[in-house]
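Descriptive structure summary
Each chain, letter by letter, is given below.
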Amino acid sequence: MENIDWKSLGFGYCKTNLNVRCAYKDGKWGSLELSDSEYLNLHIAATCLHYGQEAFEGLKAFRGKDGKIRVFRMDENAKRLQSSCDGILMPQLPTGLFTEAVRMVVSKNQGYVPPYGSGASLYIRPLLIGTGPQIGVKAATEYLFMVFVMPVGPYFPEGFQPTDLIVLRRFDRVAPQGTGRYKIGGNYAASLIAGKKAKAGGFSAVLYLDSKEKKYIDECGPANFFAIKENTYITPLSDSILPSITNMSLMQLAESLGMKVERRKVPLEELASFEEVGACGTAAVISPVKRIYDADLEKEYLYGNEPGAWSVKLYQKLQAIQNGDEPDPYGWTQVVE
Ligand SMILES: Cc1ncc(COP(=O)(O)O)c(C=O)c1O
């Protein structure tokens, strides 16, 4: 697409050629269909509109130096969508159908995959919604799965530059036995107010604590939390956070680089002892954190204005695999023709 300025792309919606759709009816999934419409024709009583039967995913495709397009760990996104479906009583979409849809939509929008070296990538947004009508709180009998794509730049305008997070105890994203481990719209609706307050204060995201005791770190608004101390990669173990595929990959890379990996409860006070802190997710890969402000206790934790050495190493390693610059010994990337 000759008129796209790849280097100045932000993280936002833009129209591309085609999206893929697949309907569930009479107890089974139909075939994949291409659409050039950005709109849906939806029943006014569809359960996605009333009772939040809606789950989504987010993954990326990257153009390599060799010109090939690689999608990162789409099987894991398929599995996580299945888990989200279980969480809100929607029928699971089979992994094969998910990956076929991703391949199809990427292939049909190849011109929108940003060039190697631009820092941009193709963001892939799968979405599964209850379309069948219900009034009275019940699961639908009909569903629609869709995948659309768009070229994106960095999620945080700062890119790999360190950002600030804020702790705001008055807001919870999810409940202790709630839906935090699923990627469903309701969790994000519940995070909008706190997210807006954070941004208004100059912070890039909220750092959520566990909503039961407010003692342990859960995750950042749109990303998992990790910290580094004494050559150890530490990340929270919690039932109410989204199992991040980036975090899962970073844990494996950290081990391969000789680090120790600890997945455990992380008490808030431990922030004072960390050497490096970061947020990780598909959108930003790693966002190093330079400051965490505990707004209630008026206390701050500082980590330096430059990304830490381990964060840089992990970021470069993961990006090298995603771009195809280095061999992919884990089989994380899939080439799309
Ligand atoms: C709440 C939340 N946590 C973590 C992540 C990171 O997960 P992943 O690495 O799979 O993108 C995301 C988004 O992608 C998210 O929305």
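Residues numbered from 1 in each chain as written. Predicted model: local features only at pLDDT ≥ 70, side-chain atom pairs only at ≥ 80, totals over all residues. Heavy atoms only, no water.

1. A closer look at the overall build of the protein
- Looking only at helices and strands, one finds 7 helices and 18 strands in the protein.
- Relative to the 2.2 N^0.38 estimate, which gives 20 Å for 337 residues, the radius of gyration of the protein is 20 Å and therefore close to what a compact globule would have.
- When its C-alpha atoms are laid out on the principal axes, the protein stretches across 55 × 50 × 35 Å.
- The burial tally for the protein puts 52% of its 337 residues in the buried class.
- For the protein, the share of sequence-separated contacts (at least 6 apart) that also reach a separation of at least 24 residues comes to 71%.
- Carbon together with sulfur atoms contributes 51% to the accessible area of the protein, which is approximately 15300 Å² in total.
- For the protein, the separation between the mean place of its 38 positive charges and that of its 38 negative charges on side chains is 2 Å. (Helix = DSSP H or I, 4+ residues; strand = E, 2+ residues; numbered from the N terminus. Rg over C-alpha atoms; globule rule 2.2 N^0.38 Å. Buried < 20%, exposed > 50% of the residue type's maximum accessible area, 1.4 Å probe, protein only. Contact = heavy atoms within 4.5 Å. Areas by Shrake-Rupley, 256 points an atom, 1.4 Å probe, with all protein chains shown as cover. Lys, Arg positive; Asp, Glu negative; His and termini not counted. Charge placed at Lys NZ, Arg CZ, Asp CG, Glu CD.)

2. Re the pairing of strand β12 (residues 224-229)
- Burial of β12 is extensive: 6 of the 6 residues sit out of reach of the surface.
- Pairing geometry for β12 and strand β15 (residues 276-281), over 5 bridges, is antiparallel. The residue of β15 that forms the bridge with Ala227 is Val277.
- In sequence, β12 turns back onto strand β13 (residues 232-236) through a hairpin of 2 residues, with Glu230 there showing a positive phi of about 45 degrees. (Pairing = 2+ DSSP bridges.)

3. Observations concerning the packing of helix α2 (residues 74-87) against helix α3 (residues 95-108)
- Close contact between α2 and α3 brings their axes to 9 Å; oriented N to C, the two are set at 125 degrees. Classified by the interaxial angle, the pair formed by α2 and α3 is oblique. For the crossing formed where α2 meets α3, the hand is right-handed. In contact with Met74, Asp75, Asn77, Ala78, Leu81 and Gln82 of α2, α3 contributes Thr95, Phe98, Thr99, Val102 and Arg103.
- Tallied by class, the residues present in the contact of α2 with α3 amount to 5 nonpolar, 4 polar and 2 charged. (Axes fitted to C-alpha atoms, helices over the stretch in contact; angles between N-to-C directions. Parallel < 35°, antiparallel > 145°, perpendicular 65-115°, else oblique. Left-handed = near helix turned anticlockwise from the far one by under 90°. Nonpolar A, V, L, I, M, F, W, Y, C, P; charged D, E, K, R; others polar.)

4. Topic: empty space enclosed by the protein
- Applying the stated criterion across every chain yields a total of 4 cavities of 30 Å³ or more.
- Of the voids in this model, the largest cavity is the one considered here, and its volume is about 100 Å³.
- Forming the boundary of the largest cavity are Gly58, Leu59, Lys60, Phe62, Phe72, Arg73, Asn77, Ile245, Thr246, Thr282, Leu318 and Gln322.
- Among the secondary structure elements, those contributing two or more residues to the lining of the largest cavity are β5 (59-63), α6 (245-256) and α7 (309-323).
- Among the residues making up the lining of the largest cavity, the classes are represented as 5 nonpolar, 5 polar and 2 charged.
- Around the second largest cavity, the lining residues are Phe171, Asp172, Arg173, Val174, Tyr208, Leu209, Ser211, Asp218, Glu219 and Ser240.
- Residues of the lining of the second largest cavity, tallied by class, amount to 4 nonpolar, 2 polar and 4 charged. (1 Å grid on protein atoms, 1.4 Å probe; cavity = no way out; pocket = protein on both sides within 12 Å on 5 of 7 lines; lining within 4 Å. Points joined across faces, edges and corners; volume = space filled by probe spheres on them.)

5. Comments concerning the side chain of Glu270
- Relative to the helices and strands, Glu270 is located in the loop between β14 (260-264) and β15.
- Beyond its immediate stretch of four places on either side in the chain, Glu270 contacts Lys229, Ile234 and Arg264.

6. Re the packing of aromatic side chains
- According to the stated counting rule, one finds 12 aromatic pairs in the structure shown.
- With 6.4 Å between their ring centres and 50 degrees between their planes, Phe225 and Phe274 make a pair best called tilted. One end of the pair, Phe225, is in strand β12; the other, Phe274, is in the loop between β14 and β15, with 49 residues separating them in the sequence. Across this residue pair, the class does not change: Phe225 and Phe274 are buried. (Phe/Tyr/Trp six-rings, centres within 6.5 Å; stacked < 30°, edge-to-face > 60°.)

7. Notes on the site of the ligand
- For the ligand, the set of nearby residues contains 16 residues, the closest of which are Tyr188, Glu219, Ser244, Thr246 and Thr282.
- Taking 380 Å² as the accessible area of the ligand by itself, protein coverage stands at 95%.
- Listing elements by their share of the shell around the ligand, those giving two or more residues are α6 and β15.
- For the shell around the ligand, the residue count by class is 6 nonpolar, 6 polar and 4 charged. (Near = heavy atom within 4 Å.)

8. Side note on the pattern of salt bridges
- Within this structure, the stated rule accounts for 16 salt bridges.
- Residues Arg80 and Glu57 are paired through a salt bridge, measuring 2.7 Å at the closest nitrogen-oxygen approach. With a gap of 23 residues between them, Arg80 in helix α2 and Glu57 in the loop between β4 (54-56) and β5 connect regions that are remote in the sequence. Glu57 shares its class with Arg80; the two are buried.
- The partner of Arg70 in a salt bridge is Asp66, with the nearest N and O atoms 2.6 Å apart. (Salt bridge = Lys/Arg side-chain N within 4 Å of Asp/Glu carboxyl O.)

9. A short note on unusual backbone geometry
- If you check the backbone angles, Asn231 has positive phi at about 55 degrees while not being a glycine.
- Structurally, the position occupied by Asn231 is in the loop between β12 and β13.
- The phi dihedral of Val285 is positive, around 60 degrees, even though this residue is not glycine.
- Considering the arrangement of structural elements, one finds Val285 in strand β16 (residues 285-294).

10. Observations regarding helix α5 (residues 192-200)
- Residues of α5 that are buried: Ala194, Gly195 and Ala198. Taken around the axis of α5, the buried residues stretch over an arc of 100 degrees, which confines them to a single face. Every exposed residue of α5 that faces more than 90 degrees away from the buried side is listed here: Leu192, Ile193, Lys196 and Ala200.
- Where α5 is buried, its residues touch β9 (163-167) and β10 (205-209).
- Of the residues one or two after α5, Gly202 is the one with positive phi, at around 90 degrees. (Arc of directions from axis to C-beta.)

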